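Listed here are the chains, written in short residue letters.
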Amino acid sequence: MRYLFFFLLSLLTTACSLPPAVGGGAVVIDIGHQTTARGAASPDGTINEYEFWCTYAGEVKAAIEAEGYSCVVLNRGLAPDKEPLKAACRAAGVVQLNKPDRGAKRYPSTHYPEHIGCGMVSADRAIDLQARCVVFLHLNSTGRKWVSKAPAGLILCNCKQGRELAGTVCNVLRRKHPNLMHGVKVLPRYIGTQPSAGWLNALDAAGIPAIVFEALYVNYRPHVDYLSREAQARQLARSLAAGVVEWLQMQK
Ligand SMILES: [Zn+2]
């Protein structure tokens, strides 16, 4: 009887530790950096890529789900262990892939081993989920010092599948944030010419459109000022979601 109890208990805890079941066709949102490697930071240390998107990925997800599309948030690393990021990730239902890498380590895709790249663990999971599309959440930087002139904002995309998604998101961002985003442009990453784009190439091979949000810079003060105000950061997250939703509606 005692053994039966422990057997049932182990079944229950195993079931609880599995990632949530996601139906085919979910929009996948990926927090691009990790708790152990937080990406670019502003020169004054007030903002970094990982913490920003841990805080606001849930807003992107909620805005997509509000339009009737399923959405799952991935993060390659371990769950954050401190508040308030811990609570933010829990609220967003972030699926931790628990495979930290420091950004420089490249893995072959389990689905398309000819494609090798960092970020591959997330790309492979998106392929497992048969994602409708994938949005990798980043902020950009040109260095550790402030720059006085706005650097060119980018929406990167995989070269075969992602152009329409990237173009739609780019247009929506420009429309909703004319002052902040007027110079944002689409930059497809080509197979073979940029080895670091292997993770986007794997998604291309799987027929999944993918974009990388790199439109705002952590070393340009007007962008940091914008991102540092919570209401504006939430608005940005919703605008990004609106771009994805506009593209989803074009697919019907
Ligand atoms: Zn980044």
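Residues numbered from 1 in each chain as written. Predicted model: local features only at pLDDT ≥ 70, side-chain atom pairs only at ≥ 80, totals over all residues.

**Comments concerning the sheet that holds strand 6 (residues 133-137)**
Strand order across the open sheet formed by seven strands is 3-2-1-6-9-7-8, with mixed pairing between neighbours. The open sheet terminates on both sides in strands that have one partner only, identified here as strand 3 (95-96) and strand 8 (185-189). Of the pairings in the sheet, the one linking strand 1 (residues 27-31) to strand 2 (residues 71-75) comprises five bridges and is parallel in character. Across the sheet, Ile29 pairs through a bridge with Val73, a residue of strand 2. Against the sheet, helix 7 (residues 198-205) makes contact with strand 6, strand 7 (154-158), strand 8 and strand 9 (210-214), and its axis sits at roughly 50° relative to strand 7, the strand it touches most. (Pairing = 2+ DSSP bridges. Helix = DSSP H or I, 4+ residues; strand = E, 2+ residues; numbered from the N terminus. Contact = placed C-beta atoms within 7 Å. Axes fitted to C-alpha atoms, helices over the stretch in contact; angles between N-to-C directions.)

**Looking at the pairing of strand 7**
Buried residues dominate strand 7, accounting for five of its five residues. Because side chains alternate across strand 7, one face comprises the buried residues Leu154, Leu156 and Asn158, and the other comprises Ile155 and Cys157, equally buried. In terms of strand pairing, strand 7 meets strand 8 through five bridges, oriented parallel. Bridge pairing in strand 8 links Leu154 to Lys185. Bridge count for strand 7 against strand 9 is four bridges, and the pairing is antiparallel. Bridge pairing in strand 9 places Ile155 opposite Phe213. (Buried ≥ 20, exposed ≤ 12 C-beta atoms within 10 Å, placed from the backbone.)

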